[in-house]
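# A structural walkthrough
As a plain string of letters, each chain reads:
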Amino acid sequence: MTHEEAVDLILKYIVFQTMGDPMMDEAKRHIATCRQCWEALGAVYEVVFDQLPPELAEARRLLECQDIRQRLWEVADAEEEQIKEIDPALGVHLERCSDCREEWAALRHAL
């Protein structure tokens, strides 16, 4: 399912209360793990309600961690002080996110 298809289905559901679309579950699964779709729906929500959805901050954090954890193997054998040189964004994230830092340490220890 593409970003456009997922967002289209969700918006149709919200606006028209469409029920029974066989693709709705797939759209929900896609959006639940897609930062781009969360941002698109957040922008629509902000236009309609003049504020960002309360769930958006948590979704951003979780999806950022998901992206970071997929890249931890790239720095698994690096010393902590080398990470920012290899990947500045990953290094900054690991400095402020203890969960991802622990995941990196476990991966490093396993090598």
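Look above for the structure.
Residues numbered from 1 in each chain as written. Predicted model: local features only at pLDDT ≥ 70, side-chain atom pairs only at ≥ 80, totals over all residues. Heavy atoms only, no water.

### Focus: the nonpolar core
In terms of nonpolar packing, the biggest core is built from 11 residues, these being Cys65, Ile68, Leu72, Val75, Ala78, Ile83, Leu90, Leu94, Cys97, Cys100 and Trp104. Among the elements of the structure, helix 4 (56–71), helix 6 (88–96) and helix 7 (98–110) are those that each provide at least two residues to this core. Every residue in contact with leucine 72, bar those within four places of it in the chain, is listed here: Leu90, Leu94, Cys100, Glu103, Trp104 and Leu107. Among the nonpolar cores identified, the runner-up in size contains 10 residues, and Leu9, Met24, Ala27 and Cys37 belong to it. (Core = buried A, V, L, I, M, F, W, Y, C linked by side-chain atoms within 4.5 Å. Buried < 20%, exposed > 50% of the residue type's maximum accessible area, 1.4 Å probe, protein only. Helix = DSSP H or I, 4+ residues; strand = E, 2+ residues; numbered from the N terminus. Contact = heavy atoms within 4.5 Å.)

### Some remarks on the packing of aromatic side chains
The final tally for this structure, using the stated rule, is 1 aromatic pair. For the pair tyrosine 45 and phenylalanine 49, a centre-to-centre distance of 4.6 Å together with 45 degrees between the ring planes defines the contact as tilted. Residue tyrosine 45 and its partner phenylalanine 49 are located together in helix 3 (residues 35–49), separated by 4 residues, close to a single helical turn. The class for tyrosine 45 is partly exposed, based on a relative accessible area of 27%. (Phe/Tyr/Trp six-rings, centres within 6.5 Å; stacked < 30°, edge-to-face > 60°.)

### Concerning the pattern of salt bridges
For the coordinates displayed, the defined rule picks out 8 salt bridges. Close ionic contact of arginine 71 with aspartate 87 constitutes a salt bridge, the shortest N to O distance being 2.6 Å. With arginine 71 in helix 4 and aspartate 87 in the loop between helix 5 (83–86) and helix 6, the pair connects residues that are 16 residues apart, well separated along the chain. Taking relative accessible area as the criterion, arginine 71 reaches 25% and is therefore assigned partly exposed. (Salt bridge = Lys/Arg side-chain N within 4 Å of Asp/Glu carboxyl O.)

### Some thoughts on the side chain of aspartate 87
Taking the relative accessible area as the measure of exposure, aspartate 87 reaches 13% and is therefore buried. Non-local contacts of aspartate 87, meaning those with residues more than four positions away in its chain, are made with Arg71 and Glu74.

### What about the environment of tryptophan 38?
Secondary-structure assignment places tryptophan 38 in helix 3. When its relative accessible area of 24% is taken as the criterion, tryptophan 38 is described as partly exposed. On a C-alpha basis, the gap between tryptophan 38 and isoleucine 86 in space is 29 Å, while along the polypeptide they are 48 residues apart. Those residues in contact with tryptophan 38 that lie beyond four places of it in its chain are Ile31, Ala32, Glu55, Leu56, Ala59 and Leu63.

### Let's talk about helix 6
Those residues of helix 6 that fall on the buried side of the exposure criterion are Leu90, Gly91, His93 and Leu94. Looking down the long axis of helix 6, one finds its buried residues gathered within 165 degrees of arc, a one-sided arrangement. Facing away from the buried side of helix 6 by over 90 degrees, the exposed positions are Pro88, Ala89, Glu95 and Arg96. In this structure, the buried residues of helix 6 make contact with helix 4, helix 5 and helix 7. (Arc of directions from axis to C-beta.)

Such coordinate-based values are descriptive only and should not be taken to indicate function.
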